[in-house]
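Survey of secondary and tertiary structure
What follows is each chain in one-letter form.
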Amino acid sequence: AMLAGCRRALPAALGRALRCRSAGPGRRTVSTSWCPVGAAFDAKQQQQTRGAAAGRETGLFGVPELSCPEGFQEAQDKALQESEQLVQKACSTPPGPETVMIFDQLSDALCRVADLADFVKIAHPDFAFREAAEEACRTIGTVVEKLNTDVELCQSLRRLLADEVVMSSLDPETRRVAELFMFDFEISGIHLDEEKRKKAVNLNVRILDLCNEFLTGAHLPNRIDKHVLPEHIRYNFTAEGNYLQVAGLHADCPDDLVREAAYKIFLYPNAEQLSRLEELLASRNSLAQLVGYDTFAHRALQGTMAKNPETVTQFLEKLSEQLSKRTQKDFEMMTKMKMKLNPQNSKLMPWDHPYYSGVLRAERYNIDPGLYCPFFSLGACMEGLNSLFSQLLGISLYAEQTQRGEVWSEDVRKLAVVHETEGLLGYIYCDFFQRPDKPHQDCHFTVRGGRLRENGEYQLPVVVLMLSLPHSTRGAPTLLSPGMMENLFHEMGHAMHSMLGRTRYQHVTGTRCATDFAEVPSILMEYFANDYRVVNQFAKHYKTGQPLPKNMVSRLCESKKVCAAADMQLQVFYAALDQIYHGKHPLTKSTTEILKETQEKVYGLPHVPNT
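Predicted, not measured: the structure shown is a model, and the values here were computed from it. (Residues numbered from 1 in each chain as written. Predicted model: local features only at pLDDT ≥ 70, side-chain atom pairs only at ≥ 80, totals over all residues. Heavy atoms only, no water.)

Description of the packing of helix H5 (residues 97–123) against helix H6 (residues 127–147)
In the contact formed by H5 and H6, the axes pass within 8 Å of each other and the chain directions differ by 145 degrees. Between H5 and H6 lies a crossing of left-handed hand. Where H5 abuts H6, its residues Leu-106, Leu-110, Val-113, Ala-114, Ala-117, Asp-118, Val-120, Lys-121 and Ile-122 lie against Phe-129, Arg-130, Ala-133, Glu-134, Ala-136, Cys-137, Ile-140, Val-144 and Leu-147. Across the contact of H5 with H6, the residue classes break down as 14 nonpolar, no polar and four charged. (Axes fitted to C-alpha atoms, helices over the stretch in contact; angles between N-to-C directions. Helix = DSSP H or I, 4+ residues; strand = E, 2+ residues; numbered from the N terminus. Left-handed = near helix turned anticlockwise from the far one by under 90°. Contact = heavy atoms within 4.5 Å. Nonpolar A, V, L, I, M, F, W, Y, C, P; charged D, E, K, R; others polar.)

Now the structure itself:
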């Protein structure tokens, strides 16, 4: 889910968010502007370097045009002009490896603006920048869809794939990239007549718009007259005159009534959102059927490890069967805990699961986050990652000073990723701290993919890691809970995938791979975050320097098994719902009725009316 939130989802030959492996990087020696990574995140250094960007003025990510919102129009126009020239070149070039190289240049020219804009429209604190980035995403997304149904452009690729002599002379990577570009033409409807191709483009553009509108609507708070809620719980919500704003589920709040109120108010049905969801699902189904698939799920899963919806459904059913008894036991344990803490109302409800599973873990293994946080300062965790990457991969992370205008918030840190023999591999921008209007989600964004340029130099990958950590205080650095530390390791797994997945072609660089494979490196990193041999190297009390005791790490690891079945069953429910929504259409019931039915059948806790 995090990666989906962090990567463009242009369903497109030229906008694929996908894979990469081998050209040598441009070798660079260690820069004098680099400093140790841990120091860049400790409290004192954060205060000293806020607003201390150096050198000449530049634009976001060092792109000169992006020093102001209007620069998106300029960057977009340049990309579109370059893409026009490349389309003409592709159509006039005889079949050969150069055809694939031109297609990749075309993909890169559009993605360099679209991927960057995809991040800025979500994360930039200035509304004018977000709006300009949103418009650039829409314009380039539309161009991508048109190119995906451009018959002449497709013919130039088809001529290459049909030439057996030339194809047999290509290296495996070039052949694979050529096939992937053709795959994207096919799922976009290149085989249809002109009228149907236009319809496919229009459907794709409408789907992009609906996705943006739906995601924006999903994050909006709900308001309620404050007099509706008991006075003693009102302080938990933001007051606005006579109204209270409910901006989330308050899942960790110990007061059952607060969690219940937040759940019912935040998830109260919104007619516009329901209408958008229904149109989005219907449009996706229409597009899939137009280009020759039974359902949107069949189209979306082609090219993944899972391959088709039948495999997914079979997997979810088998998994659910295995979890069933364990999940029931977990719910019984949570119910007992609720009875103990709240005898008046002991029925387990959906707003109880995250809270009471946490209470059970803490009680059984004494893992109060307050006991762990002092050992996980952000600086120490970053040094831990640096040490791990150095031992495993021969890679070091260095903080690099940014130029004026390069970052969107003064607390963003830029890391150079340096290999011991191959030099600079790329850059990670760390947008780690909370700020108003910043989405509360941990995710990884590809801003620029790596590729071998025409002049023989390697285009270095650039990514952003976005977290929502608390700022340091005068007396203490930023301290992470065990969950935050694990999330940091997870997201850094995506970042290293982007740095190390070095390919000749941008179209398949880093995390631009099968979507179900993209989570493998990041989940692998979670295992390192839960291994005493790793944690012991960096988890030290920020005041005393005392290492985190081994028995505390063991308790933390053991605690993760508590209610693990119920947690996984919740994910199975989300996945099953997704498959039904994107399965056979027209849907037999409303999306909410399907939600209710699936929740009660697959998850087990009752659906709450009017949510």
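A few points about the domain arrangement of the protein chain
Taken domain by domain, the protein chain comprises domain 1 (63–148 + 150–191) and domain 2 (373–547). In this assembly, 23 residues from domain 1 lie in contact with 21 residues from domain 2. Buried surface at the junction of domain 1 and domain 2, both sides included, amounts to about 2,000 Å², of which 58% is carbon and sulfur. The largest contributions to the domain 1 side of the interface with domain 2 come from Asp-104, Phe-119 and Glu-173, which together make up 27% of the buried area. Arg-512 is the partner of Asp-115 in a salt bridge, and the nearest nitrogen-oxygen pair spans 2.9 Å. Across the domain 1-domain 2 interface, the total number found is 11 residue pairs in polar contact (both at pLDDT 80 or more). Contributions of two or more residues to the side of domain 1 that touches domain 2 are made by H5 and helix H9 (172–187). With 14 residues, the single largest contributor to the side of domain 1 that touches domain 2 is H5. The class makeup of the residues in the side of domain 1 that touches domain 2 is 11 nonpolar, four polar and eight charged. (Domains from an automatic or database assignment. Buried area = accessible area lost by both parts, 1.4 Å probe. Salt bridge = Lys/Arg side-chain N within 4 Å of Asp/Glu carboxyl O. Polar contact = N/O pair within 3.5 Å; in protein donor to acceptor, adjacent residues only side chain to side chain.)

What about the confidence of the model for the protein chain?
It should be kept in mind that the predicted coordinates are not to be read in detail where pLDDT is low. Confidence along the protein chain averages 91 in pLDDT terms, with 92% of residues attaining 70 or more. Scored below 50 in pLDDT, residues 1–30 shows 118 contacts in the model against residues more than four places distant or in partner chains. Scored below 50 in pLDDT, residues 47–52 makes seven contacts in the model with residues more than four places away or belonging to other chains. (pLDDT = per-residue confidence, 0-100.)

What to know about the sheet that holds strand S4 (residues 238–240)
Sheets are built from strands that pair by backbone hydrogen bonding, the pairs being arranged parallel or antiparallel. One open sheet holds the three strands; their spatial order is S3-S5-S4, and the pairing between them is antiparallel. Each end of this open sheet is capped by a strand with a single partner; those strands are strand S3 (222–225) and S4. Looking at each pair of strands side by side, their axes are set apart by 35 degrees on average, direction ignored. (Pairing = 2+ DSSP bridges.)

Things to note about the layout of surface pockets
If you add up the space inside the second largest pocket, you get close to 660 Å³. Lining the second largest pocket are 29 residues, with Phe-61, Gly-62, Val-63, Arg-112 and Arg-448 sitting closest to its centre. Sorting the residues of the lining of the second largest pocket by element identifies helix H4 (71–92), H5, strand S9 (423–433), strand S10 (443–448) and strand S12 (458–459) as the ones contributing at least two each. Residue composition of the lining of the second largest pocket, by class: 15 nonpolar, four polar and 10 charged. When we break the lining of the second largest pocket down by domain, the ones giving at least three residues each are domain 1 (63–148 + 150–191) and domain 2 (373–547). (1 Å grid on protein atoms, 1.4 Å probe; cavity = no way out; pocket = protein on both sides within 12 Å on 5 of 7 lines; lining within 4 Å. Points joined across faces, edges and corners; volume = space filled by probe spheres on them.)

Overview of the packing of H6 against helix H10 (residues 194–219)
Interhelical geometry of H6 versus H10 gives an angle of 155 degrees and a closest axis separation of 9 Å. Between H6 and H10, the crossing angle belongs to the class labelled roughly antiparallel. When the axes of H6 and H10 are compared, the crossing they make is right-handed. Along the contact surface, H6 presents Glu-134, Arg-138, Gly-141, Thr-142, Glu-145 and Lys-146, while H10 presents Val-201, Asn-204, Val-205, Leu-208, Asp-209 and Asn-212. Each residue belonging to the contact of H6 with H10 can be placed in one class, and the counts come to three nonpolar, four polar and five charged. (Parallel < 35°, antiparallel > 145°, perpendicular 65-115°, else oblique.)

A word on the packing of aromatic side chains
All chains considered together, the criterion is met by 16 aromatic pairs. Pairing Phe-331 with Tyr-603 gives two aromatic rings, centres 5.9 Å apart and planes at 75 degrees, and the pair type is edge-to-face. Pair noted here: Phe-331 is in helix H14 (residues 309–341) and Tyr-603 is in helix H23 (residues 591–603), with a separation of 272 residues, a long-range link. Here Phe-331 falls in the buried class, since its relative accessible area comes to 6%. What makes Tyr-603 buried here is its relative accessible area of 5%. Members of the aromatic cluster, each reached through a chain of ring pairs, are Phe-61, Phe-119, Trp-408, Tyr-429 and Phe-445. (Phe/Tyr/Trp six-rings, centres within 6.5 Å; stacked < 30°, edge-to-face > 60°. Buried < 20%, exposed > 50% of the residue type's maximum accessible area, 1.4 Å probe, protein only.)

Some details on the nonpolar core
Residues Phe-61, Phe-72, Phe-119, Leu-153, Trp-408 and Tyr-429 are the most contacted members of the largest nonpolar core, which totals 64 residues. Sorting elements by how many residues they give to this core places H5 first, with 13 residues. Three or more residues apiece are contributed to this core by two domains, here domain 1 (63–148 + 150–191) and domain 2 (373–547). The contacts of Trp-408, once residues within four sequence positions are left out, are Leu-60, Phe-61, Phe-119, Ala-123, His-124, Pro-125, Tyr-429, Asp-431, Arg-435 and Val-464. Within the second largest apolar cluster, 45 residues are counted, among which are Phe-376, Ile-395, Leu-465 and Leu-488. (Core = buried A, V, L, I, M, F, W, Y, C linked by side-chain atoms within 4.5 Å.)

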